[in-house]
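Per-entry structural report
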Amino acid sequence: MSMQQDPSKLLSGMTGFVTGASSGLGAHFATVLADAGANVVIGARRKEKLDGLSQRLDGSAGKIMVVEMDVNDTAKISSIFDAIEEQGLPVDILVNNAGMNVVAPALELTPEGYDQILNTNTKAPFFMATEAARRMITRKQPGRIINIASVGASNVLPGLTAYCMSKSAILMMSRGLSREWSRHMINVNTICPGYIETEINDFWWKTDGGKKQMESFPRRRLAEASDLDSALLMFAGPGGKGITGSSITVDDGQFT
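This write-up is about the structure you can find in this document. (Residues numbered from 1 in each chain as written. Predicted model: local features only at pLDDT ≥ 70, side-chain atom pairs only at ≥ 80, totals over all residues. Heavy atoms only, no water.)

Taken together, seven strands build an open sheet; the order of strands is S3-S2-S1-S4-S5-S6-S7 and the sheet is parallel. Bordering the open sheet on either side are strand S3 (64-68) and strand S7 (247-250), each of which pairs with just one other strand. Across the sheet, the axes of successive neighbouring strands diverge by a mean angle of 15°, strand direction being ignored. Bridge count for strand S2 (residues 39-44) against S3 is five bridges, and the pairing is parallel. Considered in S3, the bridge of Val40 is made with Ile64. (Pairing = 2+ DSSP bridges. Helix = DSSP H or I, 4+ residues; strand = E, 2+ residues; numbered from the N terminus. Axes fitted to C-alpha atoms, helices over the stretch in contact; angles between N-to-C directions.)

Have a look at this one:
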């Protein structure tokens, strides 16, 4: 008789909060958590997109809550968590997915563009993580924080120096926070995805430059969002109980 846990009940009774959930990887992560039985809070600026995702997830094992938010408005982070808790959904799993990029050579990147990248990709996830952890510690409950970085955290991506800087910072942030919160049973880990087609970059892969880049990958293809599922569920679920301060690269061999 198999002793494997039913995948649809893996996260039953837990609540996951996914930022940047209106499209792309964020929407995918929310779907994966919901399919594993979790309650899911989906946050982003585009409420109409969130409402559409909420409808698609309706009927899943857990509750779905929509939160219209801008992660860069750090002054409102505490009130967002208050609103979530008022719905009886204290956050057990935070997926810091929201991020952005400005494609430009370093000599052409403006201070405004630099601030936008670093604020969204580094400052916002730091304060999202600290607010989530503060509440987990107060409740004396274990928790999971999963930060989404990039292969750019450890590889140079041409024209994306500030972006790579921001994602490299996420790796050290995760390691530092995991050390600080380990005694509170809060695990902090990082997923570093490779190139995956999303709403933000789909135009590029249709160009000659994008096709040439794809041909340079060992497998001549992009990674898929579903390739990240196992890493996400391991970090979020009982199988990741002993893993903290770690990172997993999922890039379909693009940077081997």
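Right, picking up where we left off after that structure.
Our focus in this paragraph is empty space enclosed by the protein. To find leftover empty space, a probe the size of one water molecule is rolled over the atoms. One pass over the full model with this rule turns up one cavity of 30 Å³ or more. In this structure, the largest cavity occupies an estimated 40 Å³ of space. Forming the walls of the largest cavity are Thr19, Val71, Asn96, Asn97, Ala98, Thr120, Ala124, Pro125 and Met128. Counting residues per element, the lining of the largest cavity draws most heavily on helix H4 (residues 111-139), at four residues. Class assignment for the residues of the lining of the largest cavity results in five nonpolar, four polar and no charged. (1 Å grid on protein atoms, 1.4 Å probe; cavity = no way out; pocket = protein on both sides within 12 Å on 5 of 7 lines; lining within 4 Å. Points joined across faces, edges and corners; volume = space filled by probe spheres on them. Nonpolar A, V, L, I, M, F, W, Y, C, P; charged D, E, K, R; others polar.)

Take the environment of Ala38 next. Checked against the element boundaries, Ala38 lands in the loop between helix H1 (24-35) and S2. What makes Ala38 buried here is its relative accessible area of 0%. Between the C-alpha atom of Ala38 and that of Lys9, which follows or precedes it by 29 residues, the distance is 7.9 Å. For Ala38, the residues in contact, after removing those within four places along its chain, are Leu11, Met14, Leu33 and Gly62. (Buried < 20%, exposed > 50% of the residue type's maximum accessible area, 1.4 Å probe, protein only. Contact = heavy atoms within 4.5 Å.)

Moving on: the packing of helix H3 (residues 77-86) against H4. When two helices pack together, their arrangement is given by the angle between their axes and by how far apart the axes lie. Between H3 and H4, the least distance of the axes is 10 Å, while the angle of their chain directions is 45°. Judged by the angle between their axes, H3 and H4 are oblique. Helix-helix and strand crossings are classified by hand; for H3 and H4 the assignment is right-handed. Here Ile77, Ser78, Phe81, Asp82 and Glu85 of H3 come into contact with H4, specifically with Phe127, Met128, Glu131, Ala132, Arg135 and Arg139. Residues belonging to the contact of H3 with H4 are distributed by class as follows: five nonpolar, one polar and five charged. (Parallel < 35°, antiparallel > 145°, perpendicular 65-115°, else oblique. Left-handed = near helix turned anticlockwise from the far one by under 90°.)

Attention now moves to the packing of H4 against helix H5 (residues 161-181). Where H4 meets H5, the closest approach of the two axes is 9 Å, and the angle between their N-to-C directions is 15°. Here H4 is positioned roughly parallel relative to H5, judged by the angle of their axes. Here the hand of the crossing between H4 and H5 comes out right-handed. Facing Tyr114, Ile117, Leu118, Asn121, Thr122, Pro125, Phe126, Ala129, Thr130, Ala133 and Ile137 of H4, the residues of H5 in contact are Ala162, Tyr163, Met165, Ser166, Lys167, Ala169, Ile170, Met173, Leu177 and Trp181. By residue class, the composition of the contact of H4 with H5 is 16 nonpolar, four polar and one charged.

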